[in-house]
Amino acid sequence: MIVTEIDGLPVRLRAPHDLSFTARWGSVFAVLDQQDSGNLCLGIEGPAGRVFVKYAGAPTARYDGAVGTAVANLRRSAKVYRALAHPSLVRLREAVDVGAGHALIFDWTDATPVGRQYDRSHVVRSLPVSARADAVQQIYDFHVHAAVQGWVAIDLYDGSVMLDADGGRVTLCDLDLYEQGPLVNRMGRMWGSTRFMSPEEYRLGAPIDEVTNVFALGALAHTFLGDDATKSREAWVGSDAQFELAARALHAERDARWPSVGAFAEAWRGVGPARDLPG
């Protein structure tokens, strides 16, 4: 492991790598170098404002695969963001070959990352319960938009969600592995956080589709209104009706879940706002 510097900030890599290409967007003000995807992520500020740069091509600290594979994966993912452009999805500005690899350049957002690894759960808890339930609805509505176009969410988890605590607006990010269906499980244990993965995401040859995504979306309801690790009623602050909707989504048997993302999203909308309780 080596530590290099860019614009005065440390970057941890497995070997030296030329990052001077970042100057084309300005000066680096933030570094995320502990991703296990093979991507190095940077906040850069310049004449065009602040951008978020996701770069594959460097030997990152926590990635065990081939650098070339990371580059190919990132290059492929550009079509995900273009195809699924939506007010709730971070906006892709450009995709470009730079340095020794490839970079995606997104609008910068000051929204708070919700993922457990960022230890920002207090931001969610600071919101009224009704605002938390609305954030869940925003996530569901985006995935209806994706499902209508035939896209299947892969590796959807709390780390894919950012939240504007002032306005309650959700921004989704890190959707690189989404694919067009129909799909089958080609890996056995697929990519993802165990808190959000359905049984079929562990079973080779199993179908991976909207019903699979319903499971992850049910778990995300617990991210905002309960505990996505235990999924217990004791931790739940939403309404009983909302809990039952999420419980159906989380059923181990596919046939017992909501039959589509659209059906689940409309059911969630139909139960109305949860009662506001102290955060």
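To keep things clear, this report deals only with the structure shown in the data block. (Residues numbered from 1 in each chain as written. Predicted model: local features only at pLDDT ≥ 70, side-chain atom pairs only at ≥ 80, totals over all residues. Heavy atoms only, no water.)

**Considerations on the overall build of the protein**
Here is step 1 of the chain: The secondary structure content of the protein amounts to six helices and 14 strands.
Here is step 2 of the chain: Taken against the 2.2 N^0.38 rule, which gives 19 Å for 279 residues, the C-alpha radius of gyration of the protein at 19 Å falls within 12% of a compact globule.
Here is step 3 of the chain: Here the C-alpha coordinates of the protein stretch approximately 55 × 45 × 30 Å along the principal axes.
Here is step 4 of the chain: Out of the 279 residues in the protein, the part that is buried amounts to 49%.
Here is step 5 of the chain: Partitioning the intrachain contacts of the protein with sequence separation of at least 6 by distance along the chain shows that 58% fall at a separation of at least 24.
Here is step 6 of the chain: Here the protein has roughly 12,500 Å² of accessible surface; of this, 52% comes from carbon and sulfur atoms. (Helix = DSSP H or I, 4+ residues; strand = E, 2+ residues; numbered from the N terminus. Rg over C-alpha atoms; globule rule 2.2 N^0.38 Å. Buried < 20%, exposed > 50% of the residue type's maximum accessible area, 1.4 Å probe, protein only. Contact = heavy atoms within 4.5 Å. Areas by Shrake-Rupley, 256 points an atom, 1.4 Å probe, with all protein chains shown as cover.)

**Some points on the sheet that holds strand 10 (residues 161–164)**
Here is step 1 of the chain: The sheet built from three strands is open, its strands ordered 8-10-11 with antiparallel pairing. Every other strand in the sheet has two partners, leaving strand 8 (112–113) and strand 11 (169–172) as the edge strands with one partner each.
Here is step 2 of the chain: Packed on one face of the sheet, helix 3 (residues 129–148) meets strand 10 and strand 11 and runs near 40° to strand 11. (Pairing = 2+ DSSP bridges. Axes fitted to C-alpha atoms, helices over the stretch in contact; angles between N-to-C directions.)

**Quick look at the packing of aromatic side chains**
Here is step 1 of the chain: Following the criterion strictly, the structure yields nine aromatic pairs and no others.
Here is step 2 of the chain: For the ring pair Tyr 140 and Trp 268, a centre distance of 5.6 Å and an interplane angle of 75° mean the geometry is edge-to-face. Here Trp 268 lies in helix 6 (residues 261–270) and Tyr 140 lies in helix 3, a separation of 128 residues in the sequence. The pair Tyr 140 / Trp 268 is uniform in exposure class, with both members buried.
Here is step 3 of the chain: Taken together, the ring pairs in this structure connect Phe 29, Phe 52, Tyr 81, Phe 106 and Trp 108 into an aromatic cluster.
Here is step 4 of the chain: Positioned above the aromatic ring of Phe 29 is the side chain of Arg 50, whose terminal nitrogen or guanidinium carbon lies 3.9 Å from the ring centre.
Here is step 5 of the chain: Here Arg 248 stacks its cationic end above the ring of Trp 258, 3.9 Å away from the centre of that ring. (Phe/Tyr/Trp six-rings, centres within 6.5 Å; stacked < 30°, edge-to-face > 60°. Lys NZ or Arg CZ within 6 Å of the ring centre and 35° of its normal.)

**As for unusual backbone geometry**
Here is step 1 of the chain: Residue Pro 182 is bonded to the preceding Gly 181 through a cis peptide linkage, with omega at 0°.
Here is step 2 of the chain: One non-glycine residue with positive phi stands out, namely Asp 174, at about 55°.
Here is step 3 of the chain: With respect to the secondary-structure elements, Asp 174 resides in the loop between strand 11 and strand 12 (179–180).
Here is step 4 of the chain: Accessibility expressed as a relative area gives 28% for Asp 174, which makes it partly exposed.
Here is step 5 of the chain: With a phi close to 55°, Lys 231 is a non-glycine residue in the positive phi region.
Here is step 6 of the chain: Checked against the element boundaries, Lys 231 lands in the loop between helix 4 (210–225) and helix 5 (240–249).

**Looking at the pattern of salt bridges**
Here is step 1 of the chain: All told, the structure shown has 20 salt bridges when counted by the stated rule.
Here is step 2 of the chain: When the shortest N-O distance is used, the salt bridge between Asp 64 and Arg 14 registers 2.9 Å. Here Arg 14 lies in the loop between strand 2 (9–13) and strand 3 (27–32) and Asp 64 lies in the loop between strand 5 (49–56) and helix 1 (67–83), a separation of 50 residues in the sequence.
Here is step 3 of the chain: For Asp 64, a relative accessible area of 70% puts it in the exposed group.
Here is step 4 of the chain: Taking the shortest distance from any N to any O, the salt bridge between Arg 75 and Asp 97 comes out at 2.8 Å. One end of the pair, Arg 75, is in helix 1; the other, Asp 97, is in strand 6 (residues 92–98), with 22 residues separating them in the sequence.
Here is step 5 of the chain: Residue Arg 75 is classed as partly exposed on the basis of its relative accessible area of 40%.
Here is step 6 of the chain: Put simply, Arg 116, Asp 158, Arg 195, Asp 227 and Asp 228 are held in one network by salt bridges that share partners. (Salt bridge = Lys/Arg side-chain N within 4 Å of Asp/Glu carboxyl O.)

Keep in mind that these numbers describe shape and distance, not what the molecule does.
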